Amino acid sequence: MRLRLAALLTAPFALALPAVHAQTTVKSLDQVRDAIQTDAARQMFDQQMSGKPAPDGFGTALPAGFTADFLLRQLAPGQPADRLVLAGAKPWPQRERAYVGMVCLAASAEAAVQSAKYSRNECVALSGSEGDQKSVWFGVFETGADGAPALVARTEGPVSAQTDWEGSNIDPPIDLAMQDAGKPMLAAPQSWKRFDLARYQIRPDETAFGVRAGWSEGYSGGGADFEALYLFRIEGRALRVVLAQPMAFYKMLAGDWNPDGTREHIESDASNTLSLLPGKTGGYFDIQLRQQKGAWKQTLKWSAARQRYE
């Protein structure tokens, strides 16, 4: 479906998508970067265009005391080692002697071998391979006086929470935008990209940690990237997703050919910032998403019924 729709994707079609942002037309591809409005979108563009491996955002160069086998056994007990694609851990600055960890597993041993050839630092479903969905687990560890890590909490299974584009100012991936009207605007990530360890203090005595997830699309002469933020909080021995919101996108569409052989490109992008507000709902600070260089904003509040932000 994506390939068929991509062939139809032109500038007029893009204007019909649900969330419309200012578009900039430039004469050639080498002028696209200067047209991007926000830092987050520019970083996605740079990563896609450079072809370089992604930065080690999950800490796959493991800290002392951690091994890939240890993380697999602690976070995804009973899962086969030959399906492991990557394992990572990083210090969590917001919690003393604490680390956040993750493991990414492919659907089969064969898929794990194939994935290792293309992405060593991200948990990515290979484009065009419907049988290559990845499963990801996260956890929190603390180290004792001897420096040995001990598990504090983990996701009880592979993360299945979907990102909700309903009411968002961030353009959705094309498959989501083209679905039937009235269907929920929900999508599971194609990739898990990196830890986001900013200070997400959701209660006076509690801090969540973040993970950035993403989607990527390729068009004839262009492409798009989308990024979401997932927040996890510790609840007893479990880690729970309490927020999954779109945070940034950039889109580049090929336009008309110029007489000198260059080709016009149409660029659009948007990025949000997240702020914790002084007001509380159910004991949790309200969250505000605000568009950078734009007027859009949205306040999310804690839902006691669903135990997450909405």
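Residues numbered from 1 in each chain as written. Predicted model: local features only at pLDDT ≥ 70, side-chain atom pairs only at ≥ 80, totals over all residues. Heavy atoms only, no water.

Right, let's get into the overall build of the chain. Scanning the chain from terminus to terminus reveals seven helices and 17 strands. Relative to its length of 310 residues, the chain is compact, with a C-alpha radius of gyration of 20 Å against a globular reference of 19 Å. By principal-axis analysis of the C-alpha atoms, the chain measures approximately 70 × 50 × 35 Å. In the chain, which comprises 310 residues, the share counted as buried stands at 50%. A fraction of 58% describes how many contacts in the chain between residues 6 or more apart in sequence connect residues 24 or more apart. A total accessible area of about 14,600 Å² is found for the chain, and carbon and sulfur atoms account for 50% of it. (Helix = DSSP H or I, 4+ residues; strand = E, 2+ residues; numbered from the N terminus. Rg over C-alpha atoms; globule rule 2.2 N^0.38 Å. Buried < 20%, exposed > 50% of the residue type's maximum accessible area, 1.4 Å probe, protein only. Contact = heavy atoms within 4.5 Å. Areas by Shrake-Rupley, 256 points an atom, 1.4 Å probe, with all protein chains shown as cover.)

Moving on: helix α6 (residues 109–118). Where α6 is concerned, the buried positions are Ala-111, Ala-112 and Ser-115. Here the buried residues of α6 occupy an arc of 100° about the axis, which is enough to place them on one side. Along α6, exposed side chains directed more than 90 degrees from the buried face belong to Glu-110, Val-113 and Lys-117. Taken together, the buried residues of α6 touch β2 (84–91). (Arc of directions from axis to C-beta.)

Compared with the 16 Å implied by 1.5 Å per residue over twelve residues, the 16 Å span of helix α4 (residues 39–50) between its first and last C-alpha is a close match. For α4, the full list of buried residues reads Ala-41, Arg-42, Met-44 and Phe-45. For α4, the buried positions fall inside an angular range of 160° around the axis, keeping them on one side. With respect to the buried face of α4, the exposed residues turned more than 90 degrees away are Asp-39 and Gln-43. As for α4, its buried residues are in contact with α3 (32–35), β9 (191–203), β11 (222–235), β12 (238–257) and β13 (263–281). (Expected span 1.5 Å × (residues − 1).)

This part takes up the pairing of strand β15 (residues 297–300). Judged from the four bridges that link them, strand β14 (residues 284–291) and β15 form a sheet pairing that is antiparallel. Note that in β15 the partner of Ile-287 across the bridge is Leu-300. Taken together, β14 and the strand that follows it, β15, pair antiparallel across an intervening segment of five residues, in which Lys-293 is found at a positive phi of about 60°. (Pairing = 2+ DSSP bridges.)

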